[in-house]
Amino acid sequence: MDNNKILTLPQITDQDVGGKASGLAALERLGLNVPPAFVIVGASESQMPFDLEAQYQALGGGPVAVRSSALGEDGEDSSFAGQYETILDVEGMDALKDAIAQCVRSLASERATAYQAAQAAPLEVSMCVVVQRMVKARSAGVLFTADPVTGRHDRLVIDAVEGLGEALVSGEQTPDHYVLDTGNQLVQQELVGESPILAEPEIKALAEGARDAAAKMDSLLDMEWAIDESGELFWLQARPITTLGSDLNELDTPIPDDHVITRCNVGEMMPGAVCPLTFSVQGRAIEHGMQHMHTQYGNRPAITNEWTQINLFYGHMFINMTGGMESSRFVSINTADSMGQSLCGRPVPELKTPDNLAPVWRRWYGTYKFVRYVFRAQKELTEFENRFRHAYIPYTDSSVSMFEEIDRYMPWICETNEVHLRSSALSGVMEGVVQGMVTGGSQPADGDQQAEAARLLAGASDVESAVMVDRLDNVLDAIAEHPDAVSAFQKVEAAAALDWLQSERAGAAALRFRDFLALHGHRSIRELCLREAGWVDEPEKLIVTMQASVAARLQGSYKPRSVERVDIKSLSRGLRFMLPLAHSAIRRREHTKSLLVLVTHRLKRAYRHLADLLVKEGHLPEPDLIFFFTHDELRDFVAAPFAGWVTRAQQRRQALSFQERLEFSDVYVGKPEPLVWEPPTDQKEGELSGRPVSRGVVEGTARVALTIQQAAALQPGEILIAPITDIGWTPYFSLIAGLATDVGSAVSHGAVIAREYGLPAVVNLRQATKTFQTGDRVRLDADRGVLLKIG
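The rules behind these values
- Residues numbered from 1 in each chain as written.
- Predicted model: local features only at pLDDT ≥ 70, side-chain atom pairs only at ≥ 80, totals over all residues.
- Heavy atoms only, no water.
- Helix = DSSP H or I, 4+ residues; strand = E, 2+ residues; numbered from the N terminus.
- Buried < 20%, exposed > 50% of the residue type's maximum accessible area, 1.4 Å probe, protein only.
- Areas by Shrake-Rupley, 256 points an atom, 1.4 Å probe, with all protein chains shown as cover.
- Lys, Arg positive; Asp, Glu negative; His and termini not counted.
- Charge placed at Lys NZ, Arg CZ, Asp CG, Glu CD.
- Axes fitted to C-alpha atoms, helices over the stretch in contact; angles between N-to-C directions.
- Parallel < 35°, antiparallel > 145°, perpendicular 65-115°, else oblique.
- Left-handed = near helix turned anticlockwise from the far one by under 90°.
- Contact = heavy atoms within 4.5 Å.
- Nonpolar A, V, L, I, M, F, W, Y, C, P; charged D, E, K, R; others polar.
- Salt bridge = Lys/Arg side-chain N within 4 Å of Asp/Glu carboxyl O.
- 1 Å grid on protein atoms, 1.4 Å probe; cavity = no way out; pocket = protein on both sides within 12 Å on 5 of 7 lines; lining within 4 Å.
- Points joined across faces, edges and corners; volume = space filled by probe spheres on them.
- Core = buried A, V, L, I, M, F, W, Y, C linked by side-chain atoms within 4.5 Å.
- Pairing = 2+ DSSP bridges.
- pLDDT = per-residue confidence, 0-100.
- Expected span 1.5 Å × (residues − 1).

**A word on the overall build of the protein chain**
Thinking step 1. When helices and strands are tallied, the protein chain shows 25 helices and 23 strands.
Thinking step 2. Dimensions of the protein chain, computed from the C-alpha atoms along their principal axes, are close to 105 × 70 × 60 Å.
Thinking step 3. Each of the 791 residues in the protein chain was classed as buried or not, and the buried ones make up 57%.
Thinking step 4. Put simply, the protein chain shows about 33500 Å² of open surface, and 50% of that area lies on carbon and sulfur atoms.
Thinking step 5. For the protein chain, the distance from the average site of its 75 positive side-chain charges to the average site of its 105 negative ones is 11 Å.

Shown next, in the form of structure tokens:
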């Protein structure tokens, strides 16, 4: 580096002059309007460049901005934003020299050195200084070519204040906030005053200039700008946005604009965003199973690699209801209303039955094929299990051969989905018949009728999920009865509690826990996500929930599971015949769900072994990155490892943290937009209506838990309000007084277990986790399907 040398912006080519100077030079080369400036390369506090005054006069000799441009600052990995000095309105040579010295000294400031030390790969940093003609700003601000809060690459954000932008950066002034879509249309606007600071042409000019710069620089940009009194736009700074990952829509699937999609059902199976590997495996397997259904009765000629019934947007999986309705052209009993009820628990007005229906005779023939399809569920399951019991994944010592073994196993997860969807279809038919008998054929069922149907269906015995609850309760009972329950299990860290439970000191509890993991260790929270290890591999996650249940037992507030047995003899002749068939179908559906989780569990372990091999071979820096490849990408990566794929995986993992924050409505037409939540206006304040799935009325304190980790704070007798629950939440059901969820149906995990415990439960409340807060006094009326704030 040629220290103390001055370069003007046009003179900067490939010299290392720091991020700010390089960014300004790049903007000027792109033709954007940049105030004249020069940079002091390798600036020194004690010695100023010999031509400093001449260069200052060339800028006009008036007020200038003096900004740090340290080497390593504003780079792609670290921005160093705000760590070094910027001095505005500097005028005169003495003031200029003082400002330059101040920038140089900031290199060794406490905040800058602390930031530098915190970086993953600290760099040697030296200081260059930019001197730039001041803009007498009427308005100024910052612009991001992607939303730095939501991580969305399809949003451009502008913050504007009156006067200098320093008031915005320092936090002294609240800005106008503008959000634009990819077509530069305003989608959100928050104004400080009665009128906007920026006029529409100014917003358009800012957006167009920034998008052009970002495209040509091939980077997401954080930019500073100013508009002077005459209305001229100047660009003051451009640096890469370093806090975002890959595009949240990178792996989105195509969809026609008129297709109706839903998060219902699949949102229970796959709550939240999923990693790329999970979607490429589970999403493809579910799509395969759905297409297989349509080849059996819906006139689909073959299973293809198209995405016809499963979609991915922003990392979240959706069911394409319009794609599913394609079979209704050939099956008379498949209607838009029946699909809406089946998936969403309600009619979906946006969903229409296709106009081009097959002839009546063909639709009746399709109905016969559908009935034959569902009633072959037990035969197909028996044949499948005879083969599946011998299906394991051999482990090898090389990544290439290990991937080949995983690849050979992939047809099993597709076939398991075929079996599970067939069982689910039969269960859905039988449950619909039971509800129809309860309602006398009236549609839709009212709250009392829904609750009565749920009560009858809850009488199924030997349902696998309920059996698992009984076995876990046996473990918890043994722990609570042990004299060391408090000191060795309840009041210690999860790791210490696990050590005790797996030792001889725990006595019968240790034996029961070992047997429980042998039978149900493949289950877990978010159990179909490949990134989420089963309980047998990460038992500490289960221990945390068990500690809460043991506490309830020790406090005397434990509520044993109680199931109201249905008196079959008291029912109508039709229900006496149909209800046992429905119970059998429910047992079969839960069993095939467990098989699907078991197949997934074997794949989870195999992928983890593959990840360890890739780390050992030096191709991955850490095992977790394997979940941010798709299965097909892994095939290519294993065959020819490439560092660019590792970088992409790291960016996708960063993107997932943004995707996980996004929430969606239950139904969309075309591509979905994440929710910007506002309180509903079509209902009473503090009251929500949903679907009752387990009868009863209870009043108590609300506990809003968005994650299972937050649920660890549950106190006995509280009413749990959650987005959705899966098998991992089971231990808390002995603690709570009632359950309310944003999504769900009569066959959701939470609904099934709530009925097993005799807990009032209402699902599909949609906005319960946002309408209510922990500590609210609420009444959960699961006879009517209402959650009401009472204090």
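**Structural notes on the packing of helix 13 (residues 399-439) against helix 21 (residues 631-639)**
Thinking step 1. Viewed as axis vectors pointing N to C, helix 13 and helix 21 meet at an angle of 155°, and their least axial separation amounts to 10 Å. By the criterion of interaxial angle, the relationship of helix 13 to helix 21 is roughly antiparallel. By crossing handedness, the relation of helix 13 to helix 21 is classed as left-handed. Taken together, the residues of helix 21 that come into contact with helix 13 (itself represented by Ser399, Val400, Phe403, Ile406, Asp407 and Met410) are His631, Leu634, Arg635 and Val638.
Thinking step 2. Residues that form the contact of helix 13 with helix 21 fall into these classes: six nonpolar, two polar and two charged.

**Points about unusual backbone geometry**
Thinking step 1. Although it is not a glycine, aspartate 89 sits at a positive phi angle of roughly 55°.
Thinking step 2. Considering the arrangement of structural elements, one finds aspartate 89 in strand 4 (residues 86-90).
Thinking step 3. Residue arginine 526 is not a glycine yet carries a positive backbone phi of 45°.
Thinking step 4. Summarising the element assignment, arginine 526 is placed in the loop between helix 18 (508-520) and helix 19 (540-554).

**Things to note about the pattern of salt bridges**
Thinking step 1. For the coordinates displayed, the defined rule picks out 40 salt bridges.
Thinking step 2. The closest approach of N and O atoms between aspartate 212 and lysine 216, which form a salt bridge, is 3.2 Å. One end of the pair is aspartate 212 and the other is lysine 216, both in helix 6 (residues 200-217) and four residues apart, which spans about a single turn.
Thinking step 3. Its relative accessible area of 31% is what places aspartate 212 among the partly exposed residues.
Thinking step 4. Salt-bridge contacts for arginine 239 lead to aspartate 222; the nearest nitrogen and oxygen are separated by 3.1 Å. In this pair, arginine 239 sits in strand 11 (residues 233-240) while aspartate 222 sits in strand 10 (residues 221-228), placing the two residues 17 residues apart along the sequence.
Thinking step 5. Given a relative accessible area of 10%, arginine 239 falls into the buried group.
Thinking step 6. One connected set of salt bridges, linked through shared partners, spans Arg152, Asp154, Arg155 and Glu673.

**A closer look at empty space enclosed by the protein**
Thinking step 1. In total, this model carries two cavities of 30 Å³ or more according to the counting rule given.
Thinking step 2. What the largest cavity holds in volume is close to 130 Å³.
Thinking step 3. Sort the elements by how many residues they give to the lining of the largest cavity and helix 22 (residues 643-659) lands first, with four residues.
Thinking step 4. For the lining of the largest cavity, a count of residues per class yields ten nonpolar, three polar and three charged.

**Comments concerning the nonpolar core**
Thinking step 1. One finds Met317, Ile413, Leu603, Tyr607, Leu610, Ile626 and Leu634 to be the most contacted residues of the largest nonpolar core, which totals 90 residues.
Thinking step 2. Top contributing element to this core by residue count: helix 20 (residues 573-616), with 17 residues.
Thinking step 3. Once residues within four sequence positions are removed from consideration, methionine 317 is found in contact with Arg263, Val266, Met270, Val274, Phe279, Gly283, Ile286, Ile310, Asn311 and Leu312.
Thinking step 4. Counting residues in each nonpolar core, the second largest holds 37 residues, with Leu9, Val17, Leu32 and Leu221 among its members.

**So, the sheet that holds strand 8 (residues 176-180)**
Sheet strands pair by backbone hydrogen bonding; their relative direction is either parallel or antiparallel.
Thinking step 1. The sheet built from six strands is open, its strands ordered 9-8-7-6-10-11 with antiparallel pairing. On the outer flanks of this sheet lie strand 9 (186-190) and strand 11, each paired with one strand and no other. Here the average twist between neighbouring strands, direction ignored, is 15°.
Thinking step 2. In this sheet, strand 7 (residues 156-162) lies alongside strand 6 (residues 137-144) in antiparallel orientation, the contact comprising six bridges. Following the sheet pairing, leucine 143 is matched in strand 7 by isoleucine 158.
Thinking step 3. Strands in contact with helix 1 (residues 19-29) are strand 10 and strand 11; relative to strand 11, the strand with the most contacts, it is inclined by about 130°.
Thinking step 4. Against the sheet, helix 6 touches strand 6, strand 7, strand 8, strand 10 and strand 11, its axis set at about 145° to strand 10.

**Description of the confidence of the model for the protein chain**
Thinking step 1. Residues at a pLDDT of 70 or more form 91% of the protein chain, whose mean pLDDT is 87.
Thinking step 2. Under a pLDDT of 50 for its full length, residues 74-82 has, in the predicted model, 27 contacts with residues more than four places off or in other chains.
Thinking step 3. Below pLDDT 50 for its whole length, residues 117-122 participates in three contacts with residues either more than four positions away or in separate chains.

**Observations concerning the sheet that holds strand 20 (residues 738-741)**
Thinking step 1. The strand order across the open sheet formed by eight strands is 16-23-22-18-19-20-21-17, and the pairing between neighbours is mixed. The open sheet is flanked by strand 16 (687-689) and strand 17 (691-694), the only strands paired with a single partner. Put simply, the sheet's adjacent strands are angled 25° from each other on average, direction ignored.

**Points about helix 11 (residues 360-375)**
Thinking step 1. Across its 16 residues, helix 11 extends 23 Å between first and last C-alpha, which sits within 8% of the 22 Å expected from 1.5 Å per residue.
Thinking step 2. Those residues of helix 11 that are buried are in contact with helix 8 (276-297), helix 12 (377-388) and helix 13.

**Comments concerning the packing of helix 12 against helix 20**
When two helices pack together, their arrangement is captured by the angle between the axes and the distance separating the axes.
Thinking step 1. The N-to-C vectors of helix 12 and helix 20 enclose an angle of 30°; their axes lie 12 Å apart at closest approach. As summarised for this structure, helix 12 and helix 20 are arranged roughly parallel, according to the angle between their axes. Taken as a pair, helix 12 and helix 20 cross one another with a handedness that is left-handed. Facing helix 12, whose interface residues are Ala377, Gln378, Leu381, Phe384, Glu385 and Phe388, helix 20 presents Arg588, His591, Thr592, Leu595, Leu598, Val599 and Arg602.
Thinking step 2. For the contact of helix 12 with helix 20, the residue count by class is seven nonpolar, three polar and three charged.

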